[in-house]
Amino acid sequence: QVQLVESGGGLVQAGGSLRLSCAASGSIFSINAMGWYRQGPGKQRELVATSTSGGSTKYADSVKGRFTISRDNAKNTAYLQMNSLKPEDTAVYYCNAEVIPTTVMRYGIYWGKGTLVTVSA
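Residues numbered from 1 in each chain as written. Predicted model: local features only at pLDDT ≥ 70, side-chain atom pairs only at ≥ 80, totals over all residues. Heavy atoms only, no water.

The next thing to look at is the pattern of salt bridges. Enumeration over the complete set of coordinates arrives at four salt bridges. The salt bridge involving Glu46 is made with Arg38; its shortest N-O contact spans 2.8 Å. Of the residues examined, Glu46 reaches a relative accessible area of 32% and is grouped as partly exposed. Across the pair Asp89 and Arg38 runs a salt bridge, and its minimum N-O distance is 2.9 Å. Here Arg38 lies in strand E4 (residues 28-39) and Asp89 lies in the loop between strand E8 (77-82) and strand E9 (91-101), a separation of 51 residues in the sequence. Residues Asp89 and Arg38 agree in their burial class; the two are buried. Among the ionic contacts, a cluster of salt bridges with common partners joins Arg38, Glu46, Arg66 and Asp89. (Salt bridge = Lys/Arg side-chain N within 4 Å of Asp/Glu carboxyl O. Buried < 20%, exposed > 50% of the residue type's maximum accessible area, 1.4 Å probe, protein only. Helix = DSSP H or I, 4+ residues; strand = E, 2+ residues; numbered from the N terminus.)

This is the structure in structure tokens:
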């Protein structure tokens with residue numbers, strides 16, 4: 001099976017920084033895109049950032065210039081560096097990946113269970 005596990009969430013003051021990690025494991029043939037989504041209190045889940053295996057990135061306007069997505073393809077891991085955090089960034093952050101498992105040679109979408117980021121004013 002394929003599993004995504006997020007880590008690095010926690011409590012931080014406004015203006016501070018955190019780095020989230022997402023490690024993919026299991027029977028993986030290859031990974032195309034990886035990304036981060038978040039869901040704040042009373043809000044819908046929204047895109048934060050995505051990255052293809054070739055390095056193309058996309059960011060939500062609300063985080064552009066503050067957050068940076070990066071990848072270590074050898075470790076099947078994605079990172080989200082979050083700087084200048086604001087209270088409105090408070091959310092559960094979910095990792096997402098397009099993965100080809102070794103058992104089925106086609107892409108599937110996988111999600112982690114999330115990690116909580118709380119930004120205090």
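As a further point, take the side chain of Ser21. If you trace the backbone, Ser21 turns up in strand E3 (residues 18-26). With a relative accessible area of 18%, Ser21 lands in the buried category. Those residues within four positions of Ser21 in sequence are excluded, and the remaining contacts are Val5, Glu6, Ser7, Trp36, Ala78 and Tyr79. (Contact = heavy atoms within 4.5 Å.)

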